[in-house]
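Here are the chains, one letter per residue:
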Amino acid sequence: MRKKGINNWLLQKKRSNKMKKMNGMKSKISIILCVFGSLILFDACKVGPAFKTQRTEIDSTAVYRYDSIQLAMTDSVLNISWWELFDDPVLADLIEIGLEENKDALIASSRIDQAMAQLGFTKADLGPKIGYNLGAQRGNVIAGAPTPGFGASNIFTGFGTLSWELDFWGKFRRANEAAKAELVATEYGQRTVQIGLISAIATTYYQLLDFKWREYISRKTLELRQASLNIIQARYNSGIVAEIDLNQAQIQRAIAASAVPLFQRSVAQTENALGILLGRSPGPITTGVELSEQQLPPDIPVGLPSMLMERRPDILEVEALLHAQTARIGVAVAQRFPSISLTGLLGVASNDISTLTSNPAAFAIGGSVLGPLFEFGKNKRRVEIERKITEQVLYEYERTVITAFQEVEDALIAISTLKEERQARIDHVAAAQNAQYLSGERYDKGVTSFLELIESQRQAFEAELSLSETTQKLFNSYVNLYKALGGGWLSEEEMNAAANAALEE
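A few points on the structure. Computed from a prediction, not measured in an experiment: that's the story for all the values here.

Cut-offs used in this document
- Residues numbered from 1 in each chain as written.
- Predicted model: local features only at pLDDT ≥ 70, side-chain atom pairs only at ≥ 80, totals over all residues.
- Heavy atoms only, no water.
- Helix = DSSP H or I, 4+ residues; strand = E, 2+ residues; numbered from the N terminus.
- Buried < 20%, exposed > 50% of the residue type's maximum accessible area, 1.4 Å probe, protein only.
- Contact = heavy atoms within 4.5 Å.
- Expected span 1.5 Å × (residues − 1).
- Phe/Tyr/Trp six-rings, centres within 6.5 Å; stacked < 30°, edge-to-face > 60°.

Quick word on the environment of Lys419
Turning to step 1, where the next piece is worked out: Within the secondary structure, Lys419 sits in helix H8 (residues 378–444).
Turning to step 2, where the next piece is worked out: For Lys419, a relative accessible area of 33% corresponds to the partly exposed category.
Turning to step 3, where the next piece is worked out: When the C-alpha atoms of Lys419 and Thr471 are compared, they prove to be 8.6 Å apart, with 52 residues separating the residues in sequence.
Turning to step 4, where the next piece is worked out: Those residues within four positions of Lys419 in sequence are excluded, and the remaining contacts are Asp299, Leu474 and Tyr478.

Written out as structure tokens, the structure reads:
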């Protein structure tokens, strides 16, 4: 009977131990669930407005007013190396150099690295901070309390520290959200700088070709007028023509002569400007095909106005900045609520450094709640400030969008009208040159006065200069359209490829 009682006692004890283990396991599971539940609660609790990803509706026309070629796709819009359509290898080389060496482009690239570092810096606030604290002290007052008998005493400490401000209100997560959006903005900002740089190099290049061609026209005209002056001078010396004819010939020769240094100066200054855009010292620039031999690019399918908001990096950049500023409202709101912090301390302390490691471990665990109570509306005003800044960024976004529509429309009308103007200039040059030839023939035969001849020469000279300037403006209007569209256009083959890709998706 006694043995049976002992067995029952042992059995009950085993069952009791088993129940204790199970209860301990349940307790641990409960703690884990509480921790995870708290984390989920913390993640869900983010004060402040959430950014709406859908883009602001901006009133716009269904199609561009001056566009005759509409691209009806909405997806898979590809960018190409548009400058290759101008078929000028020298221009392509200059653009590649500029993208690699231009200082503004390098600054934009550096800003991306800075934004990535800023994101990592901000993200670090989400986790606990672990550190250490080593100290040595001697005196008759230790930790604010006098030592026994006020005798001098030593104390040596070594602690590992932990502090963690729980992101209960989402302050750090909102800050992290803002940093991510700013990183995206810097990436779009780099693309904006690149597009601006490419267009600046191209427009400056065509301006350089224009000035070089006008310098050539001036030199050619100067040679013709010098030859004409020599003839008039000889006739005047022989008493065939009046002195007024000689003076008129001298005037026309001087007009052409003054145009040569004018365009020489313009060429040199434009070369210097182009050199700076390339990230190099000012100096001569080798150009390719002359402006009069340049081939216009093919017609550009600009797409629908609604696509512009997805293609322009400056629009996307401001949109990302709006996202970041919206998140900062949440940071300001969270500062109105108390912050909850956990702190921990684990280490050793001793009066003798030789026994520092043999003493029992010293530790401290605590928590704190710190929050504003009454600051005369300072925290409320902080939120209002961030809301107003967000409102300003929203207006900036809307202004950027409507400005983009304007730039596309302006570029399209420029191309449309400059094509007609250039053709008229070509006809003007042909007629003026023929009139100049006929006037020369008539003057040599004594049929007309020298006044008619010099007027024909003047008109021919001005017509050639105007044709060069108009041609330059037409090429640059194509460049401006590229910039306004946000980085490129599609060839017919790419349009078909993009359409097939969209259908497959």
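What about helix H4 (residues 171–237)?
Turning to step 1, where the next piece is worked out: The end-to-end C-alpha distance of H4 is 95 Å, a good match for the 99 Å that 67 residues give at a rise of 1.5 Å each.
Turning to step 2, where the next piece is worked out: Gly239 occupies a position one or two residues after H4 and carries a positive phi of about 80 degrees.

Remarks on the packing of aromatic side chains
Turning to step 1, where the next piece is worked out: Applying the stated criterion to the full structure yields nine aromatic pairs.
Turning to step 2, where the next piece is worked out: Centre to centre, the rings of Phe168 and Trp169 are 4.7 Å apart; their planes meet at 80 degrees, and the pair counts as edge-to-face.
Turning to step 3, where the next piece is worked out: A centroid spacing of 5.1 Å and a plane angle of 55 degrees characterise the contact between Tyr443 and Phe450, whose relative ring orientation is tilted.
Turning to step 4, where the next piece is worked out: You can call Phe450 buried: its relative accessible area is 3%.

Topic: unusual backbone geometry
Turning to step 1, where the next piece is worked out: Phi is positive for Asp87, which is not a glycine, with a value near 55 degrees.
Turning to step 2, where the next piece is worked out: Look at Asp87 and you get exposed, because its relative accessible area is 61%.

By themselves, these observations are geometric and do not establish any function.
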